[in-house]
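Residues per chain are reported as follows:
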Amino acid sequence: MRVPLKWLKEMTELSASPEQTAERLTSAGLECEVVAGVEIPERIVTGKIVSCEKHPRADRLSVCEVDVGEESSYEIVCGAPNAEAGWVGAVALPGARLGEDFVIEKRKLRGVTSNGMLCSEAELGLSEDSDGILLLPPETEIGRPLGDVLSRETVLVTEPTSNRGDLMSVEGVAHEVAATSGRSFERRTPAIELPTGKPKWTVKIQDPKDCPRYCGRVVEGLAAGPSPSWLADRLQAAGVRPLWNLVDVTNYVLLELGHPLHAFDLAKLSGKKIGVRRSKKGETMTTLDGRERDLAAGTLLIMDEAGPVALGGIMGGESTMVTETTTSIFLEGASFAPPRVRAGARALKLVTDASARFERGVDRESVPRALDRACELLLQLCPGARVVEAVDAYPAPAAPARVRLRRNTLRRILGVELPDEETRSIFANLALDLEAETEEGWEVTAPTWRQDLAAEEDLVEEVARIHGYDRVPERAVARAGQTPLRHRRVAEFWRARRTLLSLGLTEVVTPSLVDGAFEDALVSEKGFLGRCLPLRNPLTADRSHLRGSLAPSLLRVLATNRARSIPDLAICEVGRTFASAGKSQVAERQRVGVLLAGLGTDASRGMGSKPCDFFDMKGLLEVYVEQFWEARLRLEDRPSDRLLSERSAAIVVHDKTIGVMGEIGLEGRKAFDLPADAPVVLAEFDISAIEAELGVRFFEPLPRYPGAVRDLAFVVPRSCRQSSLESTLREEGGSLLAELRLFDVYQGAPLGEREKSLAYTLVFRSPERSLTHDEVDGCVERIVSRVSGKLGGRLR
């Protein structure tokens, strides 16, 4: 939020510099920075767009005739989608300098001469908004230097946390400045008289939980027109474009007090009944921006006797909007349930200034005050206007929270004992009413606008941040000798990270929210790499699902690095994936993802320029499985996941399939723009599928007796898997076969076309005695016989 410094000074004393004030607020928990006024270069003036026609040779360009107050107008080619006749824009005339190397000149664009440029806010350095040109109200004087029209006022840009809705206003920030400066703050009451007597308007609220309070004011005798310069300049300094007085007043109160208000054209409302209800499936409504919106069930609607007229807490409706001809309005102020507004805004993908405040919580007790402030301004701007009716439906009054703070709790958490006088002063400056004080502690009532204060720890935080976190002294904390308990899932997570990092991999952390439509197209419906779970109310279209697999996220990291000329990666992630576990149930799984690309790890590069391959990944996984589970890895055939090529396999540990590994297939390469010849190998497995003995290691003593070594090469059919042959050797070797290592694979003459040779080193050893040659030879004969009978192999 942008808080103009002059506006802030009208509400509270600023004894420090803007930079010191921003630093003090940030230290107290309100992230804040100072933005000084922007200097506008010379030869940039205001100009009115007289006409705007399509460019004859370019679909996305327009040819605008712009009047800057001179004898003749300027023809300017513009590519902004919001350029329209009648609006006033910022015109950079030939000779204007927008940066060190960017000077505006007369030149031809697709055959049409452009005599300047219509500027966006980004090009002027006002903001990062480059979606369209800067538009000023139609009544803005043309030909004036833009710097004289725009406010150059210094502002504080704040980022309130999600639980501090009271800081979404200039008044709230002013109160915070006063409290952090050791001063109290008094909120002004509007000077306005309301009509007495029974109102003619009635309010019907379907569910008080959705709308605890709904108020309205009927104002007549209004005259729509431009706002005075003090109001327009103040809105502009706060980042809001002024329109006309009836609309600007509601925006002004929104910024000043943090209460969203909405003005209905009284002549366009049907009857004298206003209501609040939830929408039904299939209902539609056209909002102020002219878009017809399909409403999901449960969105809050404001109703008159004819039907919906606004989206509660989000945006008004087009059918009842105020215009330049409006003379009477019904001014709405309400308090809506934050979860209900949040769900409606997310379902419609429509986040507004109003919804941002309602989602954080609006003080229901201050709704009439905000309406009275708006009426005060309207009567000031429109002489002869009058408030003829006031209505207030309050079916669910709020009880102020009463919170207790014990001295022992404050001392234990802060680690320092504060004087009682300072604690009482902090309570008073934060508008916390001290109800009782005893030897044990204090009991205070929180103001209704501080909905975040509900527990004892909340008060400790308030005292600590106003006292100053930097003033809390450091001290050593003595701990008992007992080792803290750690949940198995947490221990598995950290152990998995340590193991992966010890293998030379680089850890990455990727978001759990992903683009579900994109990722689901890459994974098989019943594959190990699971499909995404849709969110009911996604924040954005590209973060609409919970991920079902780590693989697409790792490939996106690779694609980003390749775009920056970094093709060699060896990365890993330990993260959560999500799967459906029945109706409205979600199963979380802790998985490991590993990706090798290009030359892979630094260690493999040191051995030469060999690209990584399937066997590099297999070697990494073998070491990981041995360290993490003290087990042996086995690979088996499985139906390939769509993301992987045919050269893939299932990862099996303790006879249980825990994951998959393989090279990336054609679909995956196309999706992430990876070359067909780029080596990319990926593995993903579930670390919670097999229970590991965390913190327990078993060691065997060194062998006391020598081993007998035999090197055997077996000729088997090419269709025979190495894992099947190894399993046969171990089964027949029994307990005497202490070690088994594959050291050679050969195909070619003199072997047959459908044959291959696998050579192993076998080490036979007994823990009780030295083996005789006859015993070892007998084991070898049984192994050879078993390989021949079971796999159709022979000794080479």
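Computed from a prediction, not measured in an experiment: that's the story for all the values here. (Residues numbered from 1 in each chain as written. Predicted model: local features only at pLDDT ≥ 70, side-chain atom pairs only at ≥ 80, totals over all residues. Heavy atoms only, no water.)

Peer 1: So what exactly am I meant to see when it comes to the overall build of the protein here?
Peer 2: A count of helical and extended segments in the protein gives 21 helices and 39 strands. Expected size for 796 residues packed as a compact globule is a radius of gyration near 28 Å; at 36 Å, the protein overshoots this value by more than 25%. Its C-alpha atoms give the protein principal-axis dimensions of about 120 × 85 × 55 Å. Of the contacts formed within the protein by residues at least 6 apart in sequence, a portion of 69% connects residues at least 24 apart. Carbon and sulfur atoms make up 48% of the accessible area of the protein, which amounts to about 40,200 Å² in all. (Helix = DSSP H or I, 4+ residues; strand = E, 2+ residues; numbered from the N terminus. Rg over C-alpha atoms; globule rule 2.2 N^0.38 Å. Contact = heavy atoms within 4.5 Å. Areas by Shrake-Rupley, 256 points an atom, 1.4 Å probe, with all protein chains shown as cover.)

Peer 1: Where do I start with the pairing of strand β24 (residues 433–437) in this structure?
Peer 2: In the case of a regular strand, side chains alternate between the two sheet surfaces. As paired elements, β24 and strand β25 (residues 441–445) share four bridges and run antiparallel to each other. When the sheet's bridge partners are listed, Leu 434 is paired in β25 with Val 444. Hairpin connection of β24 to β25: three residues between the antiparallel strands. (Pairing = 2+ DSSP bridges.)

Peer 1: When you look at the pattern of salt bridges in this model, what are you seeing that I'm missing?
Peer 2: If charged atoms from side chains of opposite charge come close, those side chains can pair. Evaluation of the coordinates by the stated rule reveals 51 salt bridges. A salt bridge links Asp 420 to Arg 407, with the shortest nitrogen-to-oxygen separation between them at 2.7 Å. In this pair, Asp 420 is assigned in helix α12 (residues 420–429) and Arg 407 in helix α11 (residues 407–414), connecting sequence segments 13 residues apart. With a relative accessible area of 28%, Asp 420 lands in the partly exposed category. Residues Glu 739 and Arg 741 are paired through a salt bridge, measuring 2.6 Å at the closest nitrogen-oxygen approach. The exposure class assigned to Arg 741 is partly exposed, which follows from its relative accessible area of 42%. (Salt bridge = Lys/Arg side-chain N within 4 Å of Asp/Glu carboxyl O. Buried < 20%, exposed > 50% of the residue type's maximum accessible area, 1.4 Å probe, protein only.)

Peer 1: What am I meant to see in the layout of surface pockets here?
Peer 2: Vacant regions in the atomic arrangement are exposed by a probe of water-molecule size rolled over the atoms. The calculated volume of the second largest pocket comes to roughly 1,600 Å³. In this structure, the second largest pocket is lined by 40 residues; those nearest its centre are Lys 618, Glu 622, Leu 633, Gln 722 and Glu 726. Contributing elements (two or more residues each) for the lining of the second largest pocket: α18 (614–629), β32 (633–636), β33 (644–653), α20 (722–733), β37 (737–746) and β38 (755–764). Broken down by element, the residue count for the lining of the second largest pocket peaks at seven residues, all from α18. Among the residues forming the lining of the second largest pocket, the class breakdown is 15 nonpolar, eight polar and 17 charged. (1 Å grid on protein atoms, 1.4 Å probe; cavity = no way out; pocket = protein on both sides within 12 Å on 5 of 7 lines; lining within 4 Å. Points joined across faces, edges and corners; volume = space filled by probe spheres on them. Nonpolar A, V, L, I, M, F, W, Y, C, P; charged D, E, K, R; others polar.)

Peer 1: Just to check I follow, could you spell out the sheet that holds strand β27 (residues 513–514) for this structure?
Peer 2: Each strand in a sheet pairs with its neighbour through backbone hydrogen bonds, running either in the same direction (parallel) or in the opposite one (antiparallel). Taken in spatial order, the three strands line up as β27-β29-β28 in an open sheet, and their pairing is antiparallel. Either end of the sheet is taken by a strand with one partner, and the two such strands are β27 and β28 (533–534). Note: β28 against strand β29 (residues 545–546), two bridges, orientation antiparallel. In the sheet register, Leu 533 faces β29, and the bridge partner there is Leu 546.

Peer 1: Looking at this structure, how should I read the environment of Phe 185?
Peer 2: Relative to the elements of secondary structure, Phe 185 occurs in the loop between α5 (170–180) and β12 (202–205). With relative accessibility at 15%, the residue Phe 185 sits in the buried group. With 331 residues separating them along the chain, Phe 185 and Gly 516 place their C-alpha atoms 49 Å apart.

Peer 1: Where do I start with the sheet that holds β24 in this structure?
Peer 2: The three strands are arranged β23-β25-β24 in an open sheet whose pairing can be described as antiparallel. Looking at the sheet topology across the chains shown, the edges are occupied by β23 (402–406) and β24. Strand after strand, the sheet turns through a mean of 25° between neighbouring axes, direction not considered. On top of the sheet, α11 reaches β23, β24 and β25; it is set at about 65° to β23, its chief contact. Helix α13 (residues 456–467) contacts β23 and β25 of the sheet and is inclined by roughly 70° relative to β23. (Axes fitted to C-alpha atoms, helices over the stretch in contact; angles between N-to-C directions.)

Peer 1: Explanation requested: empty space enclosed by the protein in the structure shown.
Peer 2: Following the criterion strictly, the structure yields four cavities of 30 Å³ or more and no others. In this structure, the largest cavity occupies an estimated 150 Å³ of space. Residue composition of the lining of the largest cavity, by class: three nonpolar, six polar and five charged. Space inside the second largest cavity adds up to approximately 60 Å³. Arg 164, Asp 166, Leu 167, Gly 172, His 175, Glu 176, Arg 187, Leu 430, Trp 449 and Arg 450 together form the lining of the second largest cavity. When the residues that make up the lining of the second largest cavity are grouped by side-chain class, the tally is three nonpolar, two polar and five charged.

Peer 1: Looking at this structure, how should I read α5?
Peer 2: Given 3.6 residues per turn, any residue in an α-helix points the same way as the ones three and four places further on. A large share of α5 lies buried, amounting to eleven of its eleven residues. Following α5 by one or two positions, Gly 182 adopts a phi angle in the positive range, close to 80°.

Peer 1: Explanation requested: unusual backbone geometry in the structure shown.
Peer 2: Negative phi values dominate among residues other than glycine, just as trans dominates among peptide bonds. Each neighbour pair has its own omega, and for Ala 749 with Pro 750 the value is 10°, a cis peptide bond. Within the secondary structure, Pro 750 sits in the loop between β37 and β38. Phi at Arg 110 is positive, roughly 55°, even though this residue is not glycine. Position of Arg 110 relative to the elements: it lies in the loop between β7 (107–109) and β8 (112–114). Owing to a relative accessible area of 53%, Arg 110 belongs among the exposed residues under this scheme. The phi torsion at Ala 431 lies on the positive side, around 65°, for a residue other than glycine. Positionally, Ala 431 belongs in the loop between α12 and β24. Among the residues examined, Ala 431 registers a relative accessible area of 24% and is labelled partly exposed.

Peer 1: I'm lost on the packing of aromatic side chains in this one. Help?
Peer 2: For any pair of aromatic rings, the description consists of the separation of the ring centres together with the inter-plane angle of the planes. This structure, assessed with the given rule, holds 14 aromatic pairs. Both rings, one in Trp 7 and one in Tyr 252, keep their centres 4.7 Å apart while their planes meet at 25°; by these two values the pair is stacked. Within this pair, whereas Trp 7 is found in helix α1 (residues 5–11), its partner Tyr 252 is found in helix α7 (residues 245–257), the two being separated by 245 residues in sequence. Assessed through its relative accessible area of 1%, Trp 7 is described here as buried. Relative to Phe 672, the ring of Phe 518 lies with its centre 5.5 Å away and its plane at 90°, an arrangement referred to as edge-to-face. Of this pair, Phe 518 sits in helix α15 (residues 516–520) while Phe 672 is found in the loop between α19 (666–671) and β35 (680–686), placing the two residues 154 residues apart along the sequence. Each member of the aromatic cluster is reached from another via a ring pair, and the members are Tyr 624, Phe 628, Trp 629 and Phe 685. The ring of Trp 442 has Arg 407 lying over it, and the distance from NZ or CZ to the ring centre is 4.4 Å. Taking NZ or CZ as reference, Arg 591 lies 4.0 Å from the ring centre of Phe 528, over its face. (Phe/Tyr/Trp six-rings, centres within 6.5 Å; stacked < 30°, edge-to-face > 60°. Lys NZ or Arg CZ within 6 Å of the ring centre and 35° of its normal.)

Peer 1: Just to check I follow, could you spell out the side chain of Glu 389 for this structure?
Peer 2: Assignment of secondary structure puts Glu 389 in strand β22 (residues 386–393). Buried charge Glu 389 goes without a salt bridge, the closest partner of opposite sign being Lys 272 at 5.5 Å. Within the structure, Glu 389 has its side chain in polar contact with the backbone nitrogen of Lys 200 (distance 2.3 Å). Of note is the side chain of Glu 389, whose polar atom sits 2.6 Å from the backbone nitrogen of Trp 201. (Lys, Arg positive; Asp, Glu negative; His and termini not counted. Polar contact = N/O pair within 3.5 Å; in protein donor to acceptor, adjacent residues only side chain to side chain.)

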